[in-house]
Amino acid sequence: MQIGIMARTFSSPKLSEILDGVISHEIYSIQFSFGCVGFPELPEKIDLKLCDDIRAEVEKRKITMSAMSGTFNMIDPDINKRKEGIKRLSLLISACKNLGTSVITLCTGTRDPQNMWRRHPDNDTEEAFIDLVETLKELLDVAEKYNVILAFEPEVSNVIDSANRGKRLIDELKSPYLKVVMDCANIFHKGELAKMDDILKQAFELLGEHIIIAHAKDLDHDGDAGHLPAGKGLLDYDRYISLLKQYKPDAPLILHGLNENEVGECVNFLRKKIG
């Protein structure tokens, strides 16, 4: 199991310095974002020469770009914003070959009009689920054309807020280009921490075969998106790692939700847990 990191954890304005920061911790897997080169995560336009340059810098350091971040609110109540997100993510999909990756991570979204990481009661409606399916159908056609995997992440604040709903989405779309980002710090609704082992087990039973990458952070409470660096909270990492080894041992484990000065300690924590 390879430890990776969100490249934007490192705050330098220069891509070379960000990547040097990554390998200084003997990390050779990243989840990349256009934010690392001064652009929005989903740019309006993408310069393929810039993509080639990014790939060259990454490969020069023998780093694998395990995924690109491509989040937007996929069920935004504003249909025009949703259409713009589809347009921009389609453009990112088309640039993946130049960037040197074949995986894009997604946020399934929320009906909250201001914050795509904030829960809204309308997320639980059938209409919200249908909107997500329609958004993904359009994007998966593009993904198939360019042989790119779209990986969604179950998150209590979003429309896909559990492993059960994630499995329903997979069963609905039946696409080999739709996979899962497993982040076990994101799947506990309010009051569920006491059932941690059961919920972790269920998440992997339902979604384990569909995992393409995993995330490593922590939590000190359930019910929303408040998070801590890996090893600093209540998540049972022994159980999490053992399930990853059982179901998807080759998935990169990407650190995020931490500051640059916390990277060394978190990497050491994960290495001890992985063994």
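Reading the values: rules and limits
Residues numbered from 1 in each chain as written. Predicted model: local features only at pLDDT ≥ 70, side-chain atom pairs only at ≥ 80, totals over all residues. Heavy atoms only, no water. Helix = DSSP H or I, 4+ residues; strand = E, 2+ residues; numbered from the N terminus. Rg over C-alpha atoms; globule rule 2.2 N^0.38 Å. Buried < 20%, exposed > 50% of the residue type's maximum accessible area, 1.4 Å probe, protein only. Axes fitted to C-alpha atoms, helices over the stretch in contact; angles between N-to-C directions. Parallel < 35°, antiparallel > 145°, perpendicular 65-115°, else oblique. Left-handed = near helix turned anticlockwise from the far one by under 90°. Contact = heavy atoms within 4.5 Å. Nonpolar A, V, L, I, M, F, W, Y, C, P; charged D, E, K, R; others polar. Phe/Tyr/Trp six-rings, centres within 6.5 Å; stacked < 30°, edge-to-face > 60°. Core = buried A, V, L, I, M, F, W, Y, C linked by side-chain atoms within 4.5 Å. Polar contact = N/O pair within 3.5 Å; in protein donor to acceptor, adjacent residues only side chain to side chain.

Peer 1: An account of the overall build of the chain is requested, with residue identities and associated values reported.
Peer 2: Helix and strand counts for the chain stand at eight helices and eight strands. Compactness check: the chain gives a C-alpha radius of gyration of 18 Å against a globular reference of 19 Å for 275 residues, within 12% of the reference. Projected onto its principal axes, the C-alpha positions of the chain cover 45 × 45 × 30 Å. Taking all 275 residues of the chain together, 54% fall into the buried category.

Peer 1: So, the packing of helix H1 (residues 15-24) against helix H2 (residues 48-60): which residues are in play, and what are the values?
Peer 2: One can describe the packing of H1 onto H2 by two numbers: an axis separation of 10 Å at closest approach and a directional angle of 30°. Classed by the angle they form, the pair H1 and H2 counts as roughly parallel. When you trace H1 past H2, the crossing you get is right-handed. On H2, the residues that touch Leu15, Ser16 and Leu19 of H1 are Ile54, Glu57 and Val58. Across the contact of H1 with H2, the residue classes tally to four nonpolar, one polar and one charged.

Peer 1: Requested: an account of the packing of aromatic side chains, with residues and values cited.
Peer 2: All told, the structure shown has five aromatic pairs when counted by the stated rule. Ring centres 5.8 Å apart and planes at 40° place the aromatic pair phenylalanine 204 and tyrosine 247 in the tilted group. With phenylalanine 204 in helix H6 (residues 196-207) and tyrosine 247 in helix H7 (residues 237-247), this pair connects stretches of sequence that are 43 residues apart. Pairing tyrosine 237 with phenylalanine 269 gives two aromatic rings, centres 5.2 Å apart and planes at 85°, and the pair type is edge-to-face. Of this pair, tyrosine 237 sits in helix H7 while phenylalanine 269 sits in helix H8 (residues 263-274), and the two are 32 residues apart along the sequence. Taking the relative accessible area as the measure of exposure, tyrosine 237 reaches 3% and is therefore buried.

Peer 1: Run through the nonpolar core, naming residues and quoting values.
Peer 2: Note on soluble globular proteins: their nonpolar side chains tend to be buried together. In this structure, Ile30, Ile104, Leu169, Tyr240 and Leu255 are the most contacted members of the largest nonpolar core, which totals 95 residues. Ranked by residues supplied to this core, first place goes to helix H4 (residues 126-146) with nine residues. Discounting residues that sit within four places of it in the chain, leucine 169 has contacts with Phe129, Leu132, Val133, Leu136, Phe152, Ile160 and Leu178.

Peer 1: Which residues make up the side chain of arginine 165, and what values do they have?
Peer 2: Here arginine 165 is to be found in helix H5 (residues 163-173). Judged by relative accessible area, arginine 165 falls into the buried class, the value being 16%. Side-chain polar atoms of arginine 165 contact the backbone oxygen of asparagine 123, separated by 3.5 Å. Looking at arginine 165, its side chain comes within polar contact range of the main-chain oxygen of valine 159, at 2.8 Å. In contact with arginine 165, other than residues within four places in its own chain, are Asn123, Asp124, Thr125, Phe129, Val159 and Ile160.

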